Amino acid sequence: MSPHKILIVDDAAETRLFLKSLVISLGFASFEAKNGLEALKMLDEHKMDLILLDILMPNMDGYQLLEKINELRENRDFRVAFITGIRGTLDQEKLNILKPDEIIHKTVDVNVLKNKIKKLMSFDIKNKREGESLLQRKEDETDRNIPLPSFQGDSEFTATITNMPIVIDVKATKTSPTSFIFIGPVQFKTGINISFLSDEGSRQLNREGEIQTLVKKCVAFGDKFAVEVDLLPDT
Amino acid sequence: MKELGNGDGDFENRLLIVQLMSLYIDNFSARISEITDSIQKKDANALERSAHSLKSSSRLIGLVEFANNCQILEDIGFSKKVEEHDDVYLKIELAAQRIVEVLKNKIAELEKS
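Residues numbered from 1 in each chain as written. Chains lettered and ligands numbered in written order. Predicted model: local features only at pLDDT ≥ 70, side-chain atom pairs only at ≥ 80, totals over all residues. Heavy atoms only, no water.

### As for the sheet that holds strand β2 (residues 29–33) of chain A
Residues and elements named next belong to chain A.
- The strand order β2-β1-β3-β4-β5 describes an open sheet built from 5 strands, whose pairing is parallel. Every interior strand has two partners, whereas the edge strands, β2 and β5 (102–105), have only one. Along the sheet, successive strands turn relative to each other by an average axial angle of 20°, direction set aside.
- Here strand β3 (residues 50–53) pairs with strand β4 (residues 79–84) via 4 bridges, running parallel. When the sheet's bridge partners are listed, isoleucine 51 is paired in β4 with valine 80. (Pairing = 2+ DSSP bridges. Helix = DSSP H or I, 4+ residues; strand = E, 2+ residues; numbered from the N terminus. Axes fitted to C-alpha atoms, helices over the stretch in contact; angles between N-to-C directions.)

Written out as structure tokens, the structure is:
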């Protein structure tokens, strides 16, 4: 299997060389671009798994480049990390719009940098993005006055999972008359049955007693899991 | 690089450091010129970028104090106060006169070991 590919975008040759050495030492394939135009050309020619992107560059800075990348691809199939030596605070408004997967400062310890790169290349981050997309879609479908995942408003309820070896309390948000999403500490397989006890959940979902559900989807969400469940018909 | 080092971690590290320093030397005078030009043109954005670039590379090869002075120049560019460059630019200019020689000596030392 060919190694995963990392594109390093930085106008400083020394930084590119250093990061290339690090990337290769981790067992990944390294590609380089010294500016935004070169980077876009590389992305056209090669499927990358991760882009390490400097922010302060001449002509096209890192923000502008990521904006271009986001325009060109509807769903990013690679991760992007800003690697920056900027001392002050970054442009938070731009970061909120551009949504890089990570921001790494250049002064970070090299072992920390290696771990961050390894984490970015791991399956968890990909699942995290799926989890965020899932919750974002559900937010779009529900009342916009009830933001996810802060769990505010009439659709939220707490529930206790009752059919697992341990009792698990979760916060859930109703997303339709027959489904809800909860954030929990453990992963659930698609298709398994989960039983919940929740007075408020029962009221919102018009059910009595235990609420029986089937797991529709479970994705990593930070250090927890976002789980979407469908209600089973009342027996 | 791994092939060249034959799995010898220390050799690989020395090789990387030599390569980084050589690159730095190759780019050094152009970067100093960029900073000088940006000051003469009173171009704050160019000053910020060129100082930032020199800072990052200097820090990477261990020129910490020089990098700190570049940071000050970068901050001056960022806050659009190019006229305040004098003191720190003088320090950078003086240091720049010695840096290349110091690095060449360091490279020779590393290549011998």
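### Focus: the interface of chain B and chain A
- Across the boundary between the two partners, chain B contributes 20 residues, which contact 17 residues of chain A.
- Carbon and sulfur atoms supply 65% of the area that chain B and chain A bury against each other, a total of about 1500 Å² over both sides.
- It is B:Arg49, B:His52 and B:Leu60 that lose the most area in chain B upon contact with chain A, and together they represent 30% of the buried surface on that side.
- Where chain B touches chain A, the interface holds 1 salt bridge.
- The residue A:Glu14 makes a salt bridge to B:Arg31 at a minimum N-O spacing of 2.7 Å.
- Contributing elements (two or more residues each) for the side of chain B that touches chain A: α2 (9–40), α3 (44–60) and α4 (64–78) of chain B.
- Grouping the constituent residues of the side of chain B that touches chain A by class yields 6 nonpolar, 7 polar and 7 charged. (Contact = heavy atoms within 4.5 Å. Buried area = accessible area lost by both parts, 1.4 Å probe. Salt bridge = Lys/Arg side-chain N within 4 Å of Asp/Glu carboxyl O. Nonpolar A, V, L, I, M, F, W, Y, C, P; charged D, E, K, R; others polar.)

### Quick word on the packing of α3(B) against α4(B)
All names here are of chain B.
- Packing of α3 against α4 leaves a shortest axis separation of 8 Å and a crossing angle of 160°. Of the possible angle classes, the one that applies to α3 and α4 is roughly antiparallel. Where α3 crosses over α4, the handedness of that crossing is left-handed. Residues Ala44, Leu47, Glu48, Ala51, His52, Leu54, Lys55, Ser58 and Arg59 of α3 pack against Phe66, Ala67, Asn68, Cys70, Gln71, Leu73, Glu74, Ile76, Gly77 and Phe78 of α4.
- In terms of residue class, the contact of α3 with α4 is built from 10 nonpolar, 5 polar and 4 charged. (Parallel < 35°, antiparallel > 145°, perpendicular 65-115°, else oblique. Left-handed = near helix turned anticlockwise from the far one by under 90°.)

### A word on the environment of A:Met42
Residue and element names in this part refer to chain A.
- Assignment of secondary structure puts methionine 42 in helix α2 (residues 36–45).
- For the pair formed by methionine 42 and leucine 7, sequence separation is 35 residues and the distance between their alpha carbons is 8.1 Å.
- Those residues in contact with methionine 42, other than ones at most four positions away along the chain, are Leu7, Phe31, Glu32 and Met48.

### Comments concerning the nonpolar core
- Counting 31 residues, the largest nonpolar core has B:Tyr24, B:Phe28, B:Leu54, B:Phe66, B:Leu73 and B:Leu103 as its most contacted members.
- For this core, the secondary-structure elements that each account for two or more residues are α2, α3, α4 and α5 (86–112) of chain B.
- Take this core: its biggest share by element is 10 residues, from α2(B).
- Leave out the neighbours within four places in its chain, and B:Phe66 touches B:Tyr24, B:Phe28, B:Ile32, B:Leu54, B:Ser58, B:Ile92, B:Ala95, B:Ala96 and B:Ile99.
- Counting residues in hydrophobic clusters, the runner-up holds 25 residues, among them A:Met42, A:Ile55, A:Met60 and A:Phe82. (Core = buried A, V, L, I, M, F, W, Y, C linked by side-chain atoms within 4.5 Å. Buried < 20%, exposed > 50% of the residue type's maximum accessible area, 1.4 Å probe, protein only.)

### Topic: helix α3 (residues 62–72) of chain A
Residues and elements named next belong to chain A.
- Among the residues of α3, those classed as buried are Gly62, Tyr63, Leu65, Leu66 and Ile69. Buried residues of α3, viewed axially, fall in a sector of 165°; they line one side. Residues of α3 that are exposed and point more than 90 degrees away from the buried face comprise Glu71 and Leu72.
- Its buried side turned inward, α3 meets β1 (5–9), α2, β3, β4 and α4 (92–98).
- Looking at where α3 begins, the residue whose side-chain oxygen comes 3.1 Å from the main-chain nitrogen of tyrosine 63 is aspartate 61. (Arc of directions from axis to C-beta. Polar contact = N/O pair within 3.5 Å; in protein donor to acceptor, adjacent residues only side chain to side chain.)

### A word on the pairing of strand β11 (residues 224–231) of chain A
Residues and elements named next belong to chain A.
- β11 sits mainly inside the fold: 6 of its 8 residues count as buried.
- As judged from the 6 bridges shared by strand β8 (residues 179–184) and β11, these two strands associate in the antiparallel manner. By the bridge assignment, phenylalanine 180 is partnered in β11 with valine 229.
- Strand direction decides the pairing type here: strand β10 (residues 211–221) and β11, joined by 8 bridges, are antiparallel. Across the sheet, valine 219 pairs through a bridge with alanine 226, a residue of β11.
- In sequence, β10 turns back onto β11 through a hairpin of 2 residues, with glycine 222 there showing a positive phi of about 65°.

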